[in-house]
Amino acid sequence: MKRLLAILLMISISLTAGAQKFEDLAQTPPMGWNSWNTFETDINEQLVRNIADKFIELGLKDAGYEYIVLDDGWMSRERDSNGNLVADPKKFPNGIKAVVDYVHSKGLKFGLYNCAGGKTCAGYPGSRGHQYQDAKLYASWGVDFLKYDWCDTGNLNARESYITMRDALYEAGRPVLFSICEWGTYQPWEWAGDVGHMWRITGDIINCWDCEVGHGSWASFGIWKVIELRNKEKIRQAAGPGHWNDYDMMEVGNGMTNAEDRSHFAMWNILNSPLMMGNDLREVSKETLKTLTNKEVIAVNKDPLAIPAFRFNNENNVEIWAKPLKNEKWAITFVNRNDTPVDIDFDWRRHQLSDDLSQRSLQVENTTYQLRDLFLHEEVGDTSKNLQTSIGVHDVLMLKLTPKS
């Protein structure tokens with residue numbers, strides 16, 4: 001009996017040791033496009049091909065975007081006789097593999113959606129009881145990314161459910177970026193670092209500045225609601241290479257003002273959120289494209305120090321967020337949350353900016369920092385003088401501070 005118990009223990013340890021997520025993925029926050037915000041379940045093969053083409057044509061791939069993710073609604077309403085998921089034959093007449101191959105032919109990566117419950121949020125077959133079967137199917141198609149939702153889950157344990165799918169993906173053998181989407185309900189920043197590569201921290205986003213839209217048992221949140229919901233939580237320290245707080249897919253280009261889009265984009269970058277576009281790239285405006293492909297802003301998101309921003313100050317409804325960067329640099333945003341323009345007269349020496357997490361501080365007493373406006377792409381002075389400027393309604397001033405030699 002003792003020998004049997006010892007063998008079982010060894011098997012258990014062996015299985016646990018082999019259970020892991022794929023490392024070396026998402027070393028910086030992932031960038032791509034997701035179908036849900038604009039199309040919901042109205043998706044098809046031609047749409048994916050068109051989006052892949054636009055990644056190249058519009059310079060999005062060059063800016064760093066690489067994942068094209070099909071959200072809920074890609075599959076048929078029932079599994080086949082063998083229990084396999086089946087792509088909707090009307091939406092995807094050539095199957096998912098053909099779509100994946102087309103995306104890969106463009107040098108891009110492809111992602112799919114499913115759910116930990118019996119049904120997805122839109123009522124399609126979920127993965128409950130089929131995790132290993134589904135993971136093998138995704139691997140056979142060449143899928144690179146899985147967004148895994150949390151509908152119809154009953155009394156399931158969130159952490160254990162996501163671990164099961166993590167292990168299934170790993171056993172299938174194809175590296176897949178695992179995106180956890182349980183809406184922050186079970187504090188994934190406390191446990192998901194070795195389970196997934198990114199995890200949602202709130203419920204669904206919606207294309208408004210600062211609203212909350214009820215849907216009965218749940219609600220959608222505007223940009224600032226998403227930010228504020230977790231600002232008091234200890235989530236900054238959970239983020240880093242291979243494990244990121246996900247503030248949800250972006251609403252840039254989906255109906256807010258250009259100023260609001262800039263602020264939205266600036267905040268997602270400075271907070272180290274994944275950058276998943278959610279607009280119709282077939283009809284993107286020049287101003288939206290200019291925002292989404294701003295490489296200087298994106299570089300803040302990709303900074304190797306990998307420490308998310310913190311809210312440093314809020315004066316007269318102008319929020320100031322600061323993010324330490326490599327080589328003693330800083331990124332700082334001033335966001336005007338007022339409904340009128342504001343004038344700024346910011347004395348760098350009067351504000352003692354420091355960060356407990358990184359143990360870094362802005363040394364303005366003995367160092368002068370050059371200021372670069374990341375949206376204007378120009379130098380705008382230094383910290384030896386007050387910052388004096390005007391910021392429009394719901395607009396942003398995003399600066400990179402570089403120590404002068």
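Up top you'll find the structure we're talking about.
About the thresholds
Residues numbered from 1 in each chain as written. Predicted model: local features only at pLDDT ≥ 70, side-chain atom pairs only at ≥ 80, totals over all residues. Heavy atoms only, no water. Axes fitted to C-alpha atoms, helices over the stretch in contact; angles between N-to-C directions. Helix = DSSP H or I, 4+ residues; strand = E, 2+ residues; numbered from the N terminus. Parallel < 35°, antiparallel > 145°, perpendicular 65-115°, else oblique. Contact = heavy atoms within 4.5 Å. Nonpolar A, V, L, I, M, F, W, Y, C, P; charged D, E, K, R; others polar. Core = buried A, V, L, I, M, F, W, Y, C linked by side-chain atoms within 4.5 Å. Buried < 20%, exposed > 50% of the residue type's maximum accessible area, 1.4 Å probe, protein only. 1 Å grid on protein atoms, 1.4 Å probe; cavity = no way out; pocket = protein on both sides within 12 Å on 5 of 7 lines; lining within 4 Å. Points joined across faces, edges and corners; volume = space filled by probe spheres on them. Pairing = 2+ DSSP bridges.

Chemist: Sorry if this is basic, but what is going on with the packing of helix α3 (residues 45–57) against helix α5 (residues 95–105) here?
Modeler: A pair of packed helices is captured by two measures, namely the crossing angle of their axes and the spacing between those axes. For the pair α3 and α5, the least separation of the axes is 10 Å and the interaxial angle reads 10°. Of the possible angle classes, the one that applies to α3 and α5 is roughly parallel. In this structure, α3 uses E45, V48, R49, A52 and D53 to contact α5, whose residues at the interface are A98, V99, Y102 and V103. When its residues are assigned to classes, the contact of α3 with α5 shows six nonpolar, no polar and three charged.

Chemist: So what exactly am I meant to see when it comes to the environment of A87 here?
Modeler: With respect to the helices, strands and loops of the structure, A87 is situated in the loop between β2 (67–69) and α5. Residues A87 and W74, 13 residues apart in the sequence, show an inter-C-alpha distance of 6.0 Å. With near-sequence residues (within four places) excluded, A87 lies in contact with W74, M75, S76, F92 and I96.

Chemist: Which parts of the structure should I look at to understand the nonpolar core?
Modeler: One broad trend across soluble globular proteins is that nonpolar side chains are buried collectively. Grouped together as the largest cluster of nonpolar side chains are 103 residues, with contacts concentrated most on F55, Y65, W74, F110 and W268. For this core, the element with the most residues is helix α7 (residues 158–172), which contributes six residues. By size, the runner-up hydrophobic cluster in this structure holds 22 residues, among which are W330, F334, F346 and Y369.

Chemist: Just checking my understanding: could you explain the layout of surface pockets for this structure?
Modeler: Over the atoms, a rolling probe the size of a water molecule traces out where space has been left empty. In this structure, the largest pocket occupies an estimated 570 Å³ of space. If you go around the largest pocket, you meet 26 residues; those closest to its centre are W36, D204, I205, W218 and S220. Mapped onto the lining of the largest pocket, the elements with two or more residues apiece are α2 (36–39), β4 (145–149) and β8 (219–221). Looking at the lining of the largest pocket element by element, the count peaks at three residues for β8. A class-by-class count of the residues in the lining of the largest pocket yields 13 nonpolar, five polar and eight charged. Its volume calculated, the second largest pocket comes out at about 400 Å³. Lining the second largest pocket we find 25 residues, and of these D373, L376, V380, T389 and L397 sit closest to its centre. The greatest single-element share of the lining of the second largest pocket, amounting to five residues, is contributed by strand β19 (residues 387–391).

Chemist: Just checking my understanding: could you explain the sheet that holds strand β11 (residues 310–315) for this structure?
Modeler: Pairing between sheet strands relies on hydrogen bonds along the backbone, with the strands arranged either parallel or antiparallel. Strand order in the open sheet formed by six strands is β11-β12-β13-β20-β17-β18, and the pairing between neighbours is antiparallel. In the strand order of this sheet, the two ends are held by β11 and β18 (378–382), each with one partner. Recorded for the sheet is a direction-independent mean angle of 25° between the axes of neighbouring strands. Of the pairings in the sheet, the one linking strand β17 (residues 369–373) to β18 comprises three bridges and is antiparallel in character. The residue of β18 that forms the bridge with D373 is E378. Contacts between helix α9 (residues 258–270) and the sheet are confined to β12 (318–324), β13 (330–336) and β20 (396–403), with β13 contributing the most and set at about 145° to the helix.

These figures capture arrangement, not role.
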